[in-house]
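Here are the chains, one letter per residue:
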Amino acid sequence: MSRVTLSRYLIEQTRSHNTPADLRFLIEVVARACKAISHQVSKGALGGVLGSMETENVQGEVQKKLDVLSNEILLEANEWGGHLAGMASEEMDNAYQIPGRYPKGAYLLVFDPLDGSSNIDVNVSVGTIFSVLRCPERNGENGDLGEDAFLQPGTRQVAAGYAIYGPQTMLMLTLGNGVKGFTLDRELGSFVLTHDNIKVPETTQEFAINMSNQRHWEPPVTRYVEELLAGKTGPLGKDYNMRWVAAMVADVHRILTRGGLFMYPRDSREPEKPGKLRLMYEANPMSFIIEQAGGASTNGVQRILDIQPTSLHQRVAVFLGSKEEVERVTAYHQN
Ligand code: F6P
Ligand code: MN
């Protein structure tokens, strides 16, 4: 059987699902940028890319050199092609304007250029997460594109994906009709379809949460995790295993591969912020992918994809993965 590259997959999507040519181009450009980021990440100490900058991002997190480099790679790759009306990133306070010398296009690209960046210096998996929206008509036509153009619920995403830089570099992608996984062939420099029709098992015995925050959780989460830990003789009647990579990309990738439940609940450390993860470039794209693979995703109260965003960098509680457990922990919030 001949190998299906990302390019071929996208062309076939145009034939079978009318994927527009400019969206196809956008995905190819993002994939190319992810290859460049993968290359930089893999150099490590030899490339002088480890360690931190002296700057903080809008979230007040110290930026790693690779956070900044990955952000620049994505901006440069995407600004000139005429497929975008604007970009937004975890590493930039405001929307990025397409320079006036380039044409503008129909889409908005939102990304976390290097997710899990505390893993960089210890040589553990990191990744890039991205979400594609349509730009509302006329927004930014005469002058700058405003933040409000981006504030669309996750149901409006036309594509989402992530690249994981682990033992292999993989690109996981949804265009709204299932999830496909591509593995980077480093010799040929192309992403090859290796994981067709990805499905998250409905039931699971594995969960992921940062237990060190336990004392800050809300009662429904405390109750649920106590029940998970109680195992076979507890109310859930089975033993559970726990994993925490501390890179959402890697934890979600494991769940897409073999099932599980990922939780980053709201906690009382910073009461004005509902959780740690960001809605626009972490929770929304990952929720789109997980739902497309048959899983579920909520903030404990409602489906994440239905949330109407109010700001670019807003945070959200996240419960995503195997349906049965997402539904259980969501029901506990309703009690
Ligand atoms: O981007 C935020 C992030 O790094 C996620 O990738 C990851 O799931 C989480 O934070 C890790 O949080 P903590 O530092 O609490 O383990
Ligand atoms: Mn992140």
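Here the structure is a predicted model, which is why all the values come from computation and not from measurement.

**Brief notes about the overall build of the chain**
Turning to step 1, where the next piece is worked out: Helix and strand content of the chain: seven helices and 17 strands.
Turning to step 2, where the next piece is worked out: Along the three orthogonal principal directions, the C-alpha set of the chain runs to about 65 × 50 × 45 Å.
Turning to step 3, where the next piece is worked out: Residues counted as buried form 57% of the 335 residues belonging to the chain.
Turning to step 4, where the next piece is worked out: Restricting to contacts in the chain with at least 6 residues of sequence separation, those with at least 24 account for 64%.
Turning to step 5, where the next piece is worked out: Carbon and sulfur atoms provide 48% of the accessible area of the chain, an area that totals close to 14400 Å².
Turning to step 6, where the next piece is worked out: In the chain, 33 positive and 40 negative side-chain charges are present, and the distance between their average locations comes to 5 Å.

**Thoughts on the environment of Leu69**
Turning to step 1, where the next piece is worked out: Relative to the helices and strands, Leu69 is located in helix 3 (residues 65-79).
Turning to step 2, where the next piece is worked out: Judged by relative accessible area, which is 26%, Leu69 ranks as partly exposed.
Turning to step 3, where the next piece is worked out: Each C-alpha atom, one on Leu69 and one on Leu114, is 9.2 Å from the other, the two residues being 45 residues apart in sequence.

**Section: the site of ligand 1**
Turning to step 1, where the next piece is worked out: Around ligand 1 sit 13 residues in total, of which Asp115, Asn210, Met248, Tyr264 and Glu282 are the nearest.
Turning to step 2, where the next piece is worked out: At a separation of 2.6 Å, an oxygen atom of ligand 1 approaches a polar side-chain atom of Tyr264.
Turning to step 3, where the next piece is worked out: The contact in question runs from an oxygen atom of ligand 1 to an N or O atom on the side chain of Lys276, over 3.1 Å.
Turning to step 4, where the next piece is worked out: Here ligand 1, which alone exposes 400 Å², has 84% of that area covered by the protein.
Turning to step 5, where the next piece is worked out: Under a 2 Å grid-point criterion requiring more than half of the atoms, the pocket assigned to ligand 1 is the largest pocket.

**Structural notes on the coordination of the manganese ion (ligand 2)**
Turning to step 1, where the next piece is worked out: Coordination sphere of the manganese ion (ligand 2), protein contribution only: Asp112 (OD), Asp115 (OD) and Glu282 (OE), at 2.0 to 2.2 Å.
Turning to step 2, where the next piece is worked out: In the primary sequence, the donor residues of the manganese ion (ligand 2) line up as D-x2-D-x166-E. One end of the pair, Asp112, is in strand 5 (residues 107-115); the other, Glu282, is in helix 6 (residues 279-292), with 170 residues separating them in the sequence. Each member of the pair Asp112 and Glu282 is classed as buried.

**A word on the packing of helix 4 (residues 219-230) against helix 7 (residues 323-334)**
Turning to step 1, where the next piece is worked out: Closest axis-to-axis distance for the helix 4/helix 7 pair is 8 Å, and the angle between their directions is 140 degrees. Taken as axis vectors, helix 4 and helix 7 run oblique relative to one another. As helix 4 runs across helix 7, the sense of the crossing is right-handed. Judged by residue contacts, Pro220, Val221, Arg223, Tyr224, Glu227 and Leu228 of helix 4 engage Glu325, Arg328, Val329, Tyr332 and His333 from helix 7.

**Digging into helix 6**
Turning to step 1, where the next piece is worked out: With 12 of its 14 residues buried, helix 6 lies for the most part within the structure.
Turning to step 2, where the next piece is worked out: All of the buried residues along helix 6 are Leu279, Met280, Tyr281, Glu282, Ala283, Asn284, Pro285, Met286, Ser287, Phe288, Ile289 and Ile290.
Turning to step 3, where the next piece is worked out: Backbone geometry just after helix 6 places Gly294 at a positive phi near 90 degrees.

**Some remarks on the pairing of strand 8 (residues 169-174)**
Turning to step 1, where the next piece is worked out: By the criterion of burial, strand 8 is predominantly enclosed, with six of the six residues buried.
Turning to step 2, where the next piece is worked out: Because side chains alternate across strand 8, one face comprises the buried residues Thr169, Leu171 and Leu173, and the other comprises Met170, Met172 and Thr174, equally buried.
Turning to step 3, where the next piece is worked out: Pairing geometry for strand 7 (residues 159-165) and strand 8, over six bridges, is antiparallel. Looking at the pairing, Tyr165 lines up with Thr169 of strand 8.
Turning to step 4, where the next piece is worked out: With antiparallel pairing between neighbouring strands as the criterion, strand 7 and strand 8 make up a hairpin whose turn holds three residues.
Turning to step 5, where the next piece is worked out: Where strand 8 hands over to strand 9 (residues 179-185), the hairpin turn is made up of four residues, of which Gly176 adopts a positive phi near 95 degrees.

**Regarding unusual backbone geometry**
Turning to step 1, where the next piece is worked out: Even without being glycine, Asn18 reaches a positive phi, approximately 55 degrees.
Turning to step 2, where the next piece is worked out: Among the secondary structure elements, Asn18 is positioned in the loop between helix 1 (6-17) and helix 2 (21-43).
Turning to step 3, where the next piece is worked out: A residue is classified by how much of its surface remains accessible, and Asn18, at 65% relative accessible area, is exposed.
Turning to step 4, where the next piece is worked out: In this structure, Asn197 takes a positive phi of about 50 degrees despite not being glycine.
Turning to step 5, where the next piece is worked out: Following the sequence through the fold, Asn197 ends up in the loop between strand 10 (190-195) and strand 11 (206-208).

**Let's talk about the packing of helix 2 against helix 3**
Turning to step 1, where the next piece is worked out: At a minimum axis separation of 9 Å, helix 2 and helix 3 run at an interaxial angle of 150 degrees. The angle between the axes of helix 2 and helix 3 places the two elements in the roughly antiparallel class. Crossing geometry of helix 2 relative to helix 3 is assigned as right-handed. Residues Leu26, Val29, Val30, Ala33, Ala36, Ile37, Gln40 and Val41 of helix 2 lie in contact with helix 3, whose contacting residues are Leu66, Leu69, Ser70, Ile73, Leu74, Ala77 and Asn78.

Rules and cut-offs
- Residues numbered from 1 in each chain as written.
- Chains lettered and ligands numbered in written order.
- Predicted model: local features only at pLDDT ≥ 70, side-chain atom pairs only at ≥ 80, totals over all residues.
- Heavy atoms only, no water.
- Helix = DSSP H or I, 4+ residues; strand = E, 2+ residues; numbered from the N terminus.
- Buried < 20%, exposed > 50% of the residue type's maximum accessible area, 1.4 Å probe, protein only.
- Contact = heavy atoms within 4.5 Å.
- Areas by Shrake-Rupley, 256 points an atom, 1.4 Å probe, with all protein chains shown as cover.
- Lys, Arg positive; Asp, Glu negative; His and termini not counted.
- Charge placed at Lys NZ, Arg CZ, Asp CG, Glu CD.
- Near = heavy atom within 4 Å.
- Polar contact = N/O pair within 3.5 Å; in protein donor to acceptor, adjacent residues only side chain to side chain.
- 1 Å grid on protein atoms, 1.4 Å probe; cavity = no way out; pocket = protein on both sides within 12 Å on 5 of 7 lines; lining within 4 Å.
- Sits in = over half its atoms within 2 Å of the grid points.
- Donors = N, O, S within 2.8 Å, 3.2 Å for Na, K, Ca; no water.
- Axes fitted to C-alpha atoms, helices over the stretch in contact; angles between N-to-C directions.
- Parallel < 35°, antiparallel > 145°, perpendicular 65-115°, else oblique.
- Left-handed = near helix turned anticlockwise from the far one by under 90°.
- Pairing = 2+ DSSP bridges.

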